[in-house]
Each structure stands twice: as C-alpha cells, then as structure tokens.
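As a plain string of letters, each chain reads:
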Amino acid sequence: MAPYETDDSTDTGEADELRSGRRRAARYIVPVTVVGVAAATIGLVPALADSGDPNLPKITAQQLLDKVAKSDVQQLSGTVKISTDLGLPDLGGLESSMLSGATKSGDGSSADPTGKLTELATGSHTLRVAADGPDKQKVSLLENAAEYSLIHNGKDVWGYDSQSNEVYHATTSADASKSDETKATPKGLTDEALKSVDDTTSVTVDGTEHVAGRDAYKLLIKPKQSGTTVGTISIAVDAKTGLPLKFTLTPASGGAAVVDVGFTQLSLAKPAASTFDFKVPKGAKVTTEDSPAKATPDHSAPFGKNDKPGKADKGLGKSTDDPTVIGKGWNSIAVFETGGQGIPSGGSSSGGGDLGGFLSSLGDQVKGSFGSGTVYSTRLINALVTDDGKVYVGAVTKSALVKAADAAK
C-alpha cells in the first residue's frame, strides 16, 4: 500500500519510516488451482455499520496512523462478518471444494484449518472471535447446523469440525506464538498493510462512522497508479483505542466490495478462561500435525494473513518457493517458477485431456513475445500461467501481466 497525505506537517522521521516499507511477495500467492487465484485475497473488511456519523475531533492522516500504531488491545470478544465477492465462476460448489482440497494436509482431515478457513474465500460467513493476549485466541465459523472452531491456547492449536466430529491438533513454539501476537486481530491486518506504504498511494481521513456500537474514524487508502485492480481500501479505526474495526476493499472496476470484514459486535472485556479450553469429544477422530504448527500463521487468517515469505530471488526462476517481485507499489507482480509446464489444453499431446481443457476454458488465452499462456482473472487478483511454467500474479490488469512477461524475456 502506500504513503499518506495530510494538510498538516508531519514528523519527517515517521514519514520516512512509513515510506520505507515495500510490498511483500506474500501479498500475491500462486494459485494451486484455477480458482485458487482468489484464495490469497482473504483477510479483510466491513461489518454492518450503525446509522449516523459521530461528531469526533478533527484528526490528520498521520495522527490516525499513529493511533493505529500505538493501539494495544490485547483482550476482546465479538462477532465478525466476512463477505467476499471475487467474481469467481459459478461451478456449483466445486470452487469451494477445490479451494479446500488444495490446502488440506496429507490425510485431508476436515478439521485442518488450512483447508477449512479457505472456505472464507467465497460468499458470506459469520465468525465468533475471542482473544486474551498473544497466547490465547479462538475463532468459530458458524455454519448450517454445524460449527468449526479453531483454538490457540499456549503451545496447543486445536481445530474441531462438529459436522464430521474430527479434531486437528498441532503445537507451536512460544517464540512463534509471540511473533504472531500483533497479527491475530484486525489490527494486525491493518499493521501489515501500512508497512507497505510508499509514494504510490495516498492515505487520507475520510470522515467518521459507527461500527459495532463504537465511534470510528475512516482511513481511506487509494492507489495513485493506473493499471491496478485495487480501487480503494477503507479502514474504520476505533476513535478511543485505535483498534481497526472494519476493512473494505473496493475494486477499480467499481461495484460491490471485493472483500468486507469487520465486527458487528465487540466487547473489550477479558474473555472467560474457559473460552480457550478444549477437550476432545467422545468418538472424535484426531489428526496430529507432526511438525511444529506450520499453520499457526494461517490460523489467524480471519484476522490477517501471517505468511512469512523467503527473500525474493534476484533473477527469475531460482526457487519454486520464493517469488521475484517486479514493478513498484500497486503495480507489483510476483513471479513464480513452477519448474514445469503451464496448463495443458484439452487437445494437446501432453496428456492434459479433459481436465486441461476445462482449466484452460476458465481463463483467457494470451500471446506475446514471452510465448503463450492463460490468464485467470478475478475482480482483484489476476494470474498469468505461461506455457513454459512461469506464473505472474498480482492486483493488476491482464494487459499488465502480459507486458511484465514480455519484459522478462
């Protein structure tokens, strides 16, 4: 994201610190399936706001940013509403199963949070959330006649799917828990976004609003660059505590928000200790994660994305894990080398068959000096998969991806 604008003078050191941030490669995740292009956008936005705007003291963008930075809310409980409209094709529910299946662990446990929480990539969902410091958090996804709960209590991480009566258990080191402390709430989501500010963005204060019964300022983030699919990001910041309450991302193409996440109910009182207790239900199937809770970052996905990417390579294709980031600001594009071929067409001799033809049909075929490939599009994140196995992904237009692939040749 990028720099703030204000009519008042601001501290040069603080401004320089804000501008020094650069968009991370984790902002753009390579889709493991076609519909997976959209999964990386999960994390944000608006709850139902109360009517009427509160009359609050004037504040500059810098002062509001400082308020967010100094916010130290450790204890809370409430209800969060998440709505996502990425413009994915209607596959009759197939997209949800593909998104879940693409991220499940080896045995495909329905209680594995990396698969279960990916369902938030589409539609509207209601969550109950609670937190008591860096070592205790709970998220419950409310479904029809069922509930999925994810609990972090000390070194233990538990996932429970009441519908299948399956349990997922993992452990995480104390250091890992501490490092994710500030990212387990909507504040963490905003903090990560503001680390990326630079001269490609304006940040202003855009009035006030009520959210979950609390008075809030509206922080408005707008790209200055053309070619990005991002229109605006609006963050409701609690006037008293500086806690982000709501985050709304609207695409450059207009229409409904791509992602809305925010509180509809909120209490800052200390949750009961029993909130974070978990006992394995009778007869439940338990799956234990062997390695230290690799999913700990993703466990807080409803509050914010905690991926820790490796360093970007200087050249293309040096690692299948670490992307190269090209471009600047909102026009940044992450480039991944898959080490293989792109999506095969149904009629090719490479064995793609019907599946290859189906996947290709969901995208747009493109050509350039880079060769040929397929662009898969959502209302926010687009990805170009070239026939020689490179993937270009970012919050940019299709033409921007083709141009980037041409320039990389």
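Note that the coordinates shown come from a computational prediction; the quantities given were computed from them, not determined experimentally.

J.: So what's going on with the overall build of the protein chain? Which residues, and what values?
T.: When you go through the protein chain residue by residue, the secondary structure sums to nine helices and 19 strands. Evaluated residue by residue, the protein chain yields a buried proportion of 52% over its 409 residues. Long-range pairs, those at least 24 residues apart, make up 62% of the contacts in the protein chain between residues at least 6 apart in sequence. Carbon and sulfur atoms provide 49% of the accessible area of the protein chain, an area that totals close to 17,700 Å².

J.: Describe the nonpolar core, and please don't skip the residues or the numbers.
T.: Core analysis: the largest hydrophobic core is formed by 58 residues, its most contacted members being Leu76, Leu127, Ile233 and Phe263. Core analysis: the next-biggest nonpolar cluster, separate from the first, contains 12 residues, Ile333, Leu384, Leu401 and Ala405 among them.

J.: Describe the pattern of salt bridges, naming the residues involved and giving the relevant values.
T.: Applying the stated criterion across every chain, the model contains eight salt bridges. The salt bridge involving Asp85 is made with Arg379; its shortest N-O contact spans 3.3 Å. Pair noted here: Asp85 is in the loop between strand 2 (75-84) and helix 3 (94-103) and Arg379 is in the loop between strand 17 (371-377) and strand 18 (382-386), with a separation of 294 residues, a long-range link. Given a relative accessible area of 19%, Arg379 falls into the buried group. Taking the shortest distance from any N to any O, the salt bridge between Glu209 and Lys246 comes out at 2.5 Å. Of this pair, Glu209 sits in strand 8 (residues 201-211) while Lys246 sits in strand 11 (residues 244-251); the two residues are 37 residues apart in sequence, bridging distant segments of the chain. Comparing Glu209 with Lys246, the two get one shared label, buried.

J.: Mind laying out helix 2 (residues 61-70), listing which residues take part and the relevant values?
T.: It helps to recall that an α-helix has 3.6 residues per turn; residues three or four apart then point in one direction. Along helix 2, the residues classified as buried are Ala61, Gln62, Leu64, Leu65 and Val68. All buried residues of helix 2 fall inside an arc of 165° around its axis, so they share one side.

J.: Please give an account of unusual backbone geometry that cites residues and values.
T.: One non-glycine residue, Asn165, adopts positive backbone phi at about 55°. Topologically, Asn165 is positioned in the loop between strand 6 (156-161) and strand 7 (166-171). Since its relative accessible area comes to 21%, Asn165 is described here as partly exposed. For Ala212, which is not a glycine, the phi torsion comes out positive at approximately 55°. Tracing the chain through its elements places Ala212 in the loop between strand 8 and strand 9 (214-223).

J.: Account for the packing of aromatic side chains, naming residues and giving values.
T.: Applying the stated criterion across every chain, the model contains two aromatic pairs. Between the aromatic rings of Tyr160 and Phe278, the centroid separation amounts to 6.0 Å while the plane-to-plane angle is 50°, which identifies the pairing as tilted. Of this pair, Tyr160 sits in strand 6 while Phe278 sits in the loop between strand 12 (259-267) and strand 13 (285-288); the two residues are 118 residues apart in sequence, bridging distant segments of the chain. Among the aromatic residues, those joined into a ring-pair cluster are Trp158, Tyr160 and Phe278.

J.: Kindly report on the sheet that holds strand 15 (residues 333-337), identifying the contributing residues and their values.
T.: Strand order across the open sheet formed by six strands is 14-15-19-18-17-16, with antiparallel pairing between neighbours. Either end of the sheet is taken by a strand with one partner, and the two such strands are strand 14 (324-326) and strand 16 (364-368). For this sheet, the mean inter-axis angle between neighbouring strands, taken without regard to orientation, is 25°. When strand 14 meets strand 15, the two strands line up antiparallel, connected through three bridges. Paired with Val325 across the bridge in strand 15 is Ala334. Contacts between helix 9 (residues 398-407) and the sheet are confined to strand 14, strand 15, strand 16, strand 17, strand 18 and strand 19 (390-394), with strand 18 contributing the most and set at about 40° to the helix.

J.: Got a sec to walk through the side chain of Thr201? Specific residues and values, please.
T.: Structurally, Thr201 is set in strand 8. Reaching out from Thr201, the side chain makes a polar contact with the side chain of Thr200 at a distance of 3.5 Å.

J.: Summarise helix 9; cite the residues concerned and give the values.
T.: Taken as a whole, helix 9 has its buried residues at Leu401, Val402, Ala404 and Ala405. One face of helix 9 carries all of its buried residues, which in axial projection span an arc of 160°. Within helix 9, the exposed residues directed more than 90 degrees away from the buried face are Ser399, Lys403 and Ala407. Close packing links the buried residues of helix 9 with strand 14, strand 15, strand 16, strand 17, strand 18 and strand 19.

J.: Let's hear about the pairing of strand 6: which residues, and what values?
T.: Of all six residues in strand 6, five are buried, a share of seventy percent or more. Pairing analysis gives six bridges linking strand 6 to strand 7, with the strands arranged antiparallel. Paired with Val157 across the two strands is Ala170, which belongs to strand 7. The turn joining strand 6 and strand 7, which pair antiparallel and follow one another in sequence, is formed by four residues; a positive phi near 55° is taken by Asn165.

J.: Break down the environment of Gly231 for me, with residues and values.
T.: By the secondary structure assignment, Gly231 is in strand 10 (residues 230-238). As a C-alpha pair, Gly231 and Pro251 span 20 residues in sequence and 4.4 Å in three-dimensional space. Discounting residues that sit within four places of it in the chain, Gly231 has contacts with Ile221, Lys222, Pro223, Thr250, Pro251 and Ala252.

J.: Can you explain the confidence of the model for the protein chain? Please cite residues and give values.
T.: Here the protein chain averages 74 in pLDDT, while 64% of its residues score no lower than 70. The low-confidence segment residues 91-106 (pLDDT under 50) makes 28 contacts with residues lying over four places distant or belonging to another chain. Predicted confidence is poor over residues 174-184, with pLDDT under 50, and the contacts of this stretch with residues over four places away or in other chains come to 25 contacts.

Conventions used here
- Residues numbered from 1 in each chain as written.
- Predicted model: local features only at pLDDT ≥ 70, side-chain atom pairs only at ≥ 80, totals over all residues.
- Heavy atoms only, no water.
- Helix = DSSP H or I, 4+ residues; strand = E, 2+ residues; numbered from the N terminus.
- Buried < 20%, exposed > 50% of the residue type's maximum accessible area, 1.4 Å probe, protein only.
- Contact = heavy atoms within 4.5 Å.
- Areas by Shrake-Rupley, 256 points an atom, 1.4 Å probe, with all protein chains shown as cover.
- Core = buried A, V, L, I, M, F, W, Y, C linked by side-chain atoms within 4.5 Å.
- Salt bridge = Lys/Arg side-chain N within 4 Å of Asp/Glu carboxyl O.
- Arc of directions from axis to C-beta.
- Phe/Tyr/Trp six-rings, centres within 6.5 Å; stacked < 30°, edge-to-face > 60°.
- Pairing = 2+ DSSP bridges.
- Axes fitted to C-alpha atoms, helices over the stretch in contact; angles between N-to-C directions.
- Polar contact = N/O pair within 3.5 Å; in protein donor to acceptor, adjacent residues only side chain to side chain.
- pLDDT = per-residue confidence, 0-100.

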